[in-house]
Each structure stands twice: as C-alpha cells, then as structure tokens.
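Listed below, chain by chain, are the residues.
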Amino acid sequence: MGKYAPVIKTAECGSMTRAAHVLGYTQPSLGYIINNIENDLGVKLFYRDQRGVTLTETGSDLLKLMRKIEAMEDELQEAARVSQWELLRVGIFAGVSAQWMPEILEVFSKTYPKVVVKLETEKNPLAGELALREHRLDCCFHGTKCPPGMELIPLYKDPYYLVVSKHSPLALRGKTAVLDLAEHQSLIPTNECAEQDSVAHPVYEAFAKADHLAFQPQENQMAVALVERGLGISVLPGLALRDCLPGRQVQLLPLKEGYVREIGLLCPRETERSPLANAFLRMTQEQVELWKQEHDTPLL
C-alpha cells in the first residue's frame, strides 16, 4: 500500500470510519495520515461533516493523479523486490537502542553479513505504526497496545518508577502512589508519558489538571537531571533509567499504581512478513531472553 492509498480508499468509502476498517487502521490514525498528506500538498482534499467525507474539487482532480502514482508505486515495489532482501529497516526508541541493539545486531550481522540493518528512531508509537503501514519499516519496537491488522511479539515487561532527588523528603518513602502527589508536587514530564497511548499518561493528565507540570515534556536524560536539581519529580520506565542513573543523585521509588509497559516487536502479520524480518524477530527474542538473564537486576 502506497502513500496515497488512504486518500483513495477514503474517497471510495465516503467515510473515514469505513475506510479505516477496510485498511486496518484506527480512525485517528487514518485522520492523522490524511491531515499530513493535505499539509504536504498544501490543499484541502476532503470536506468533513457528520454524514462522512466528500472530495473537494481540488481533491477530485488530484485523486486521478494519486491513482496513477499508486499504480507506478506497485510497479516500482515489484521491480525492487529482490534488492529489498539486502536491507532491513527497524524502528527503535530510547532504552531499547542502548540496552538491546548492540547484541542483537552483532548476532544478526554474523548470520547475514551482506544485509544492511537501518535503524530509525521513532518519536512516538503512532509514527512507528504508520511507518510500518507505509512500508517504510519492516518492524519496530513498540511499547503500547497492538494496532489492528498487525502483530505484536511480546519481549519484556518494563515497570515504571517514581524518580525524586536524593535530597528530597520523598526519598525516604517506600512504595508511593504518584497520583496522590499531584496536588503537592511538580512533575517533570517525559516525552513518552506525554503521549496519549503511554501507560504512564494518567500521571501526566493528573499533574496537568492540577497545574503542576514543571516543564514541557523532556528527553529522559534531561528529566532525570532536572529531578536531581530538585526542580520536580518524574516517572520513567526501568529500561530507560538504566542509561540515566549512573552518577545522578536521585532516588527511585516503586509505584503503588503498578504502571508497566509491555515492550514488543511490532510487525506485519506472519503471512506478510519477509523471511529476513522473521529471522530478525527470532534473534531478537533470543537475545532479549539472554539480556534478561544477565542484566535484568532490580533497580531498587
């Protein structure tokens, strides 16, 4: 499926809801794609109302060209089919890249020395999902629910922790309900917890409602550094914290809420995956299991 297939199918269905069902998207995902295409082209393709969607005059004209482009894209994909086996495109995010990827790539490259593995850092889960649907990735590491029409291979259950300064009175606590702190403390949010699909998003919402967000969402390393300075508290997953903790004067506390993100490898269904992607999946499962045996020690 090429770039403009969502526009073509939406025009055919006359409804984003029906088109999303046919394509295997969620409706927000389909709307996000179409908005991006409209922004890229600088034109409005659809009128939207309660009855559904209809093409604008410009959209109707462009639809003809989009059908031609899709046909040419299919020809191009077929012509490039053989060479695609020499490239594997994998989506990653912070924590996974440092903790797991070196070992995975070392083993994979020994078995497939002629294959180039291209790592793409995804800003959020939705970006990874869309890249898979648009065939810009072969698989990607994923920390939220499995989108429709895809398969999520489970790898690791990653608990979240409350991060406070070692000089804070909170550092003397044991297991803590972070939501109870929303009225009294300031939260330094991370980019990940600010995402709506994040397991820890309820924390962000609670502190935002109390008007106790200390900063805009930060990268994990910066969030921990700000906590160390006593500028607020934060909530981060254990895998990410393993790279952030050395040398930092911070204290981790277990959460009563028990937030855990389930990290897996998101990929097309088995019948749609390449043999190379299946090999990478198998090696990833094996290497993550070895990592858990050797390195998955408690952070507290």
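Structure report, in brief. All values derive from a computational prediction rather than experimental measurement.

## Comments concerning the overall build of the protein
Then comes step 1: The helix and strand inventory of the protein stands at 13 helices and 9 strands.
Then comes step 2: Its C-alpha atoms give the protein principal-axis dimensions of roughly 65 × 50 × 25 Å.
Then comes step 3: For the protein, with 300 residues in total, the buried portion stands at 46%.
Then comes step 4: Sequence-distant contacts in the protein: of pairs separated by 6 or more residues, those separated by 24 or more amount to 73%.
Then comes step 5: Summing over all exposed atoms, the protein offers an accessible surface of approximately 16,000 Å²; the carbon and sulfur share of this is 51%.
Then comes step 6: Here the protein contributes 32 positive and 39 negative side-chain charges, whose respective centroids are spaced 1 Å apart.

## Things to note about the nonpolar core
Then comes step 1: Among the nonpolar cores identified, the biggest contains 26 residues, and Leu-88, Val-96, Trp-100, Phe-141, Leu-265 and Phe-280 are the most heavily contacted of them.
Then comes step 2: Looking at this core, the elements that each hand over two or more residues are strand 3 (87–92), helix 7 (101–111), strand 5 (139–142), strand 6 (151–165), strand 9 (260–267) and helix 13 (275–295).
Then comes step 3: For this core, the element with the highest residue contribution is helix 13, accounting for 7 residues.
Then comes step 4: Every residue in contact with Phe-280, bar those within four places of it in the chain, is listed here: Leu-88, Val-90, Met-101, Ile-104, Phe-108, Cys-139 and Leu-265.
Then comes step 5: Formed by 20 residues, the second largest nonpolar core is a distinct cluster that contains Val-178, Cys-193, Tyr-204 and Tyr-259.

## Description of the environment of Asp-49
Then comes step 1: Within the element layout of this structure, Asp-49 appears in strand 1 (residues 46–49).
Then comes step 2: Here the alpha-carbon distance between Asp-49 and Ser-15, two residues 34 residues apart in the chain, equals 9.8 Å.
Then comes step 3: A distance of 2.8 Å separates a polar side-chain atom of Asp-49 from the backbone nitrogen of Arg-51.

## Digging into the packing of aromatic side chains
Then comes step 1: Scanning all chains against the criterion turns up 6 aromatic pairs.
Then comes step 2: Members of the aromatic cluster, joined through ring pairs, are Trp-100, Phe-141, Tyr-156 and Trp-291.

## Details of the pattern of salt bridges
Then comes step 1: According to the stated counting rule, one finds 14 salt bridges in the structure shown.
Then comes step 2: Where Lys-292 meets Glu-289, a salt bridge forms, and the shortest distance between an N and an O atom there is 2.9 Å. Note that Lys-292 and Glu-289 are positioned in helix 13 at a spacing of 3 residues, about one turn of the helix.

## As for helix 1 (residues 5–13)
Then comes step 1: Listing the buried residues of helix 1 in full gives Ala-5, Pro-6, Val-7, Ile-8, Thr-10 and Cys-13.
Then comes step 2: Looking one or two residues past helix 1, Gly-14 carries a phi angle of roughly 70°, positive in sign.

What counts and what doesn't
As a convention, each chain's residues are numbered from 1 in the sequence order in which they are written. Totals for whole chains, interfaces and linings use every residue, but because this is a predicted model, local features are given only for residues with pLDDT of at least 70 and side-chain atom pairs only at 80 or more, for both listing and counting. Note: side-chain values were computed over all heavy atoms of the structure, leaving out hydrogens and water. Think of it this way: any DSSP run of H or I at least four residues long counts as a helix, any run of E at least two long counts as a strand, and we number them from the N terminus. Think of it in three bands: residues with accessible area under 20% of the maximum for their type are buried, residues over 50% are exposed, and the middle band is partly exposed, with areas taken using a 1.4 Å probe on protein chains only. Whether two residues are in contact is decided by their heavy atoms, any of which lying within 4.5 Å being enough. For the area figures, the Shrake-Rupley method with a 1.4 Å probe applies, and any residue is considered shielded solely by the protein chains shown. Under this rule, positive means Lys or Arg and negative means Asp or Glu; His and the chain ends count for nothing. Working definition for charges: the position is that of NZ of Lys, CZ of Arg, CG of Asp or CD of Glu. We define the nonpolar core as a collection of buried residues of types Ala, Val, Leu, Ile, Met, Phe, Trp, Tyr and Cys that are connected through side-chain atoms lying within 4.5 Å of one another. The definition of a polar contact used here is a pair of N or O atoms within 3.5 Å, where within protein one atom must be able to donate a hydrogen and the other to accept one, and adjacent residues in sequence count solely through side-chain atom pairs. Pairing of aromatic side chains here covers Phe, Tyr and the six-membered ring of Trp, requires ring centres within 6.5 Å, and sorts the geometry by plane angle: under 30 degrees stacked, over 60 edge-to-face, intermediate tilted. Think of a salt bridge as a Lys or Arg side-chain nitrogen and an Asp or Glu carboxyl oxygen that are within 4 Å of each other.

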